Amino acid sequence: GQQVMQIPQYQHVQEGEDFTTYCNSSTTLSNIQWYKQRPGGHPVFLIQLVKSGEVKKQKRLTFQFGEAKKNSSLHITATQTTDVGTYFCAGSGAGSYQLTFGKGTKLSVIP
Amino acid sequence: DTAVSQTPKYLVTQMGNDKSIKCEQNLGHDTMYWYKQDSKKFLKIMFSYNNKELIINETVPNRFSPKSPDKAHLNLHINSLELGDSAVYFCASSRKTSGVSSYNEQFFGPGTRLTVL
């Protein structure tokens, strides 16, 4: 079955430093989505990438989808304490709306 | 207005009991899901219903039985609860789409923290 690997599992950064989490799929994906889960909260949708090589930005967040549509990354520039949480990537295969979630990267930001 | 709601928020029960978790969405979505998030925060799909029809049934013990009375509701009944069932259970919904180019975000409920003693 489809597997989605995400690294690192944990990341501690000083406020103002950059942060990147990486996602790799065992199979080609039709799309990839990113979610953020604050401590004690529920996953909240951030963005969806569909096209090969696509890059999208949301303020300090940059999302990329690989050319082969098997990997993706989320980069946060100049982290803030509000960025704290677990970031999940989730991919689905062709013709399916079942999402397979990565194990998430837990981001801690030290003020 | 809450988009996806779950009740109860917390559920503490003894091993062997039977319990239910309810989920409702007011987004007009056709597809609903149940996920289990364990203590390590791994999110795993359990079930998915589309227009009251079961479409995803991952390897889940048959003690877990989803029920969808209508497309706005997806309840989860668990029989003979075990210690390993302790987790946070999330309900989610998404809009069903047609065509391979349309994919949809999932809206998650607040979660139900189940503790089996």
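The shown structure was predicted, so the numbers you read here are calculated from the model rather than taken from an experiment.

Novice: Break down the overall build of chain B for me, with residues and values.
Specialist: Looking only at helices and strands, one finds 0 helices and 11 strands in chain B. Shown N-terminal to C-terminal, the secondary structure of chain B runs as helices and strands in the order β-β-β-β-β-β-β-β-β-β-β. Taken over C-alpha atoms, the radius of gyration comes to 14 Å for chain B, in line with the 13 Å a tight globule of 117 residues would show. The principal-axis extent of the C-alpha atoms belonging to chain B is close to 45 × 30 × 30 Å. Counting all 117 residues of chain B, 45% fall into the buried class. In chain B, 56% of the contacts between residues at least 6 apart in sequence involve partners at least 24 apart. Surface summary for chain B: the accessible area is close to 5,900 Å², and the carbon and sulfur share equals 48%. If you average the places of the 14 positive and of the 11 negative side-chain charges in chain B, the two averages end up 3 Å apart.

Novice: Before we move on, can you summarise the pairing of strand β5 (residues 44-49) of chain A with the specific residues and values?
Specialist: In this sheet, β5 of chain A lies alongside strand β4 (residues 31-37) of chain A in antiparallel orientation, the contact comprising 5 bridges. Looking at β5 of chain A, one finds that Y35 of chain A is bridged to F45 of chain A.

Novice: Describe in detail the pairing of strand β6 (residues 55-58) of chain A, supporting the description with residues and values.
Specialist: All names here are of chain A. Bridge count between β6 and strand β7 (residues 61-65): 4 bridges; the pairing is antiparallel. Considered in β7, the bridge of K57 is made with T62. Between the antiparallel neighbours β6 and β7 lie 2 residues, among them K59 with a positive phi of about 50 degrees.

So, how was this worked out
Residues numbered from 1 in each chain as written. Chains lettered and ligands numbered in written order. Predicted model: local features only at pLDDT ≥ 70, side-chain atom pairs only at ≥ 80, totals over all residues. Heavy atoms only, no water. Helix = DSSP H or I, 4+ residues; strand = E, 2+ residues; numbered from the N terminus. Rg over C-alpha atoms; globule rule 2.2 N^0.38 Å. Buried < 20%, exposed > 50% of the residue type's maximum accessible area, 1.4 Å probe, protein only. Contact = heavy atoms within 4.5 Å. Areas by Shrake-Rupley, 256 points an atom, 1.4 Å probe, with all protein chains shown as cover. Lys, Arg positive; Asp, Glu negative; His and termini not counted. Charge placed at Lys NZ, Arg CZ, Asp CG, Glu CD. Pairing = 2+ DSSP bridges.

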